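# Residue-level structural notes
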Amino acid sequence: MNQPDLGALYSHHASVMRQRADEALARGGFDHLVIPSGTQHYQAFDDRDYPYAVNPNFKAWLPLTKLPNSWLVYTPGKRPTLIFHQPFDYWHVVPDAPNGWWVEHVDIQIIRTPDEALALLPKDAARCAILGEPQSALGAFVPNNPAPVIDYLDWQRGYKTPYEIALMREAQRLGVRGHRAAEAAFRGGASEFEIHMAYCRAVGQDANELPYGNIIGLNEHAAVLHYTDLGRSAPTPLRSFLIDAGASAYGYASDITRTYAASGHDEFQALIDAVDAAQQQMGAAVRAGVDYKQLHIDAHLSLMGILKDVGVLNVSPEAALATGVSAAFFPHGLGHLIGLQVHDVAGFAASDRGGRIERPQGHPYLRMTRVLEPGMVVTIEPGVYFIDMLLDEVKQAGNGASINWDRVDFFRPYGGVRIEDEVLCTEGDADNLTRPVFAAAS
Ligand code: GLY
Ligand code: MN
Ligand code: MN
């Protein structure tokens, strides 16, 4: 893959960020945008800190994810200022002196203690839109998170700039590297914990740097949607492996899921293959003007068609959807916006002035209800699982006859199947960010 010119891409990105901020400030009636990077959080009754998580509004401007007690200040018509906290500290690693493709676009002021920021922030805090968590307050600079400003900026974050897409492609490259190593570890008989370690080593990121906790489930554990226990010994026999794991690139996330069958488990492999083929079709359906809610409903029908084909369902996909039986097998949403956050903001936004598009009834976990537009990146992550708690509810609701329970018994030891890619909506065909990276890595 050609290396993108991040300097040129960032120059464009920075101009887009300034334009967005100009409009957001005008809407809110403010003169300055002020964004604290955030501070350390400490455990109760202890001096241990939690892993630092940068304010996403801060990393939207700058590829800096490890810079607590710093501030971004933007005043329309001026270059942004970065108040860069670089303490004199011999206990911790001090952030490197600013460098990289972004430095020429900002005025940088180094501070040695957090309080020194006060002298560099705008004169009148009341004229500032301050985006951050309460704990970031410094003097009069208490985050106010004005709704007109947040609504506009969150909405705009749905449209990725070419710079952001380049970094998201890098997050794909790193994540796929980990997925390849994880599959090899599984084939070698590794435990969940060992697979996790192989993944982290290949990506070059530890658990605190990854965009979310790795979901690595062998056998029945694949049925636990957010299984993060990481068993220390491999079960015998090994039947199946589900891994939902991403990587971070300059603050941007990938979120990728694959499912594998141990050799000789041909029926489960056939189920994986069918979900995989359907998932690719769902990804190809990502087009401008398409309602994501409809993609989610279509995914229910497609997955129930597969379960009918493999003998799990006795009724039509339409009947399974109407009675809620489909939600027992596919109990989460088709996917979500992704970018600076794995579950990125504004998935339900009705407009850049607020409002909310509700989920369809009976689909309480869908995280994206908007119509797709060019520049949006969504995950497409259909899955089918064999979860006793949900299947019991089907029985209790009087729909037990919809299901062939012998086939459920057959598939239960495999847990389930989920396949997840990131897909960029363009003016034309869908651009699957994940698949070509797997293809290039094989
Ligand atoms: N890894 C969390 C998700 O897929 O949404
Ligand atoms: Mn995922
Ligand atoms: Mn996801």
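The protein has the name Xaa-Pro dipeptidase in an unreviewed UniProt entry, where Stenotrophomonas rhizophila is given as its organism. According to the UniProt record, the Function (unreviewed entry) comment for the protein is "Splits dipeptides with a prolyl residue in the C-terminal position." Turning to the protein, the UniProt record has this under Catalytic activity (unreviewed entry): "Xaa-L-Pro dipeptide + H2O = an L-alpha-amino acid + L-proline".

The subject of this paragraph is helix 1 (residues 6-28). Given a rise of 1.5 Å per residue, 23 residues ought to cover 33 Å, and the 32 Å separating the end C-alpha atoms of helix 1 matches this to within 8%. For helix 1, the set of buried residues is Leu-6, Tyr-10, His-13, Ala-14, Ser-15, Val-16, Met-17, Arg-20, Ala-21, Ala-24 and Leu-25. Buried residues in helix 1 make contact with strand 1 (32-36), strand 2 (71-74), strand 5 (128-130), helix 3 (147-157), helix 4 (162-187) and strand 9 (252-253). For helix 1, the side-chain oxygen to backbone nitrogen distance between the N-cap and Gly-7 is 3.1 Å, and the N-cap itself is Asp-5.

Now for the environment of Val-290. Here Val-290 shows up in the loop between helix 6 (266-284) and helix 7 (292-309). You can call Val-290 partly exposed: its relative accessible area is 23%. Taking C-alpha positions, Val-290 is 32 Å from Arg-177, a pair spaced 113 residues apart along the chain. The residues touching Val-290, leaving out its near neighbours within four places in the chain, are Ala-285, Leu-295, Arg-370, Val-371 and Leu-372.

Before going further, it helps to examine the site of ligand 1. Around ligand 1, the surrounding shell consists of Tyr-212, His-226, Asp-244, Asp-255, His-336, His-343, Glu-381 and Glu-420. A distance of 3.1 Å is found between an oxygen atom of ligand 1 and a side-chain nitrogen or oxygen belonging to Asp-255. In the model, an oxygen atom of ligand 1 is placed 3.1 Å from a nitrogen or oxygen of the His-336 side chain. Compared with its free state, where it exposes 200 Å², ligand 1 has 92% of that area covered by protein. Counted by class, the shell around ligand 1 contains one nonpolar, three polar and four charged residues.

Cut-offs and rules
Residues numbered from 1 in each chain as written. Chains lettered and ligands numbered in written order. Predicted model: local features only at pLDDT ≥ 70, side-chain atom pairs only at ≥ 80, totals over all residues. Heavy atoms only, no water. UniProt positions renumbered as here; feature names shortened; annotations may be inferred. Helix = DSSP H or I, 4+ residues; strand = E, 2+ residues; numbered from the N terminus. Expected span 1.5 Å × (residues − 1). Buried < 20%, exposed > 50% of the residue type's maximum accessible area, 1.4 Å probe, protein only. Contact = heavy atoms within 4.5 Å. Polar contact = N/O pair within 3.5 Å; in protein donor to acceptor, adjacent residues only side chain to side chain. Near = heavy atom within 4 Å. Areas by Shrake-Rupley, 256 points an atom, 1.4 Å probe, with all protein chains shown as cover. Nonpolar A, V, L, I, M, F, W, Y, C, P; charged D, E, K, R; others polar.

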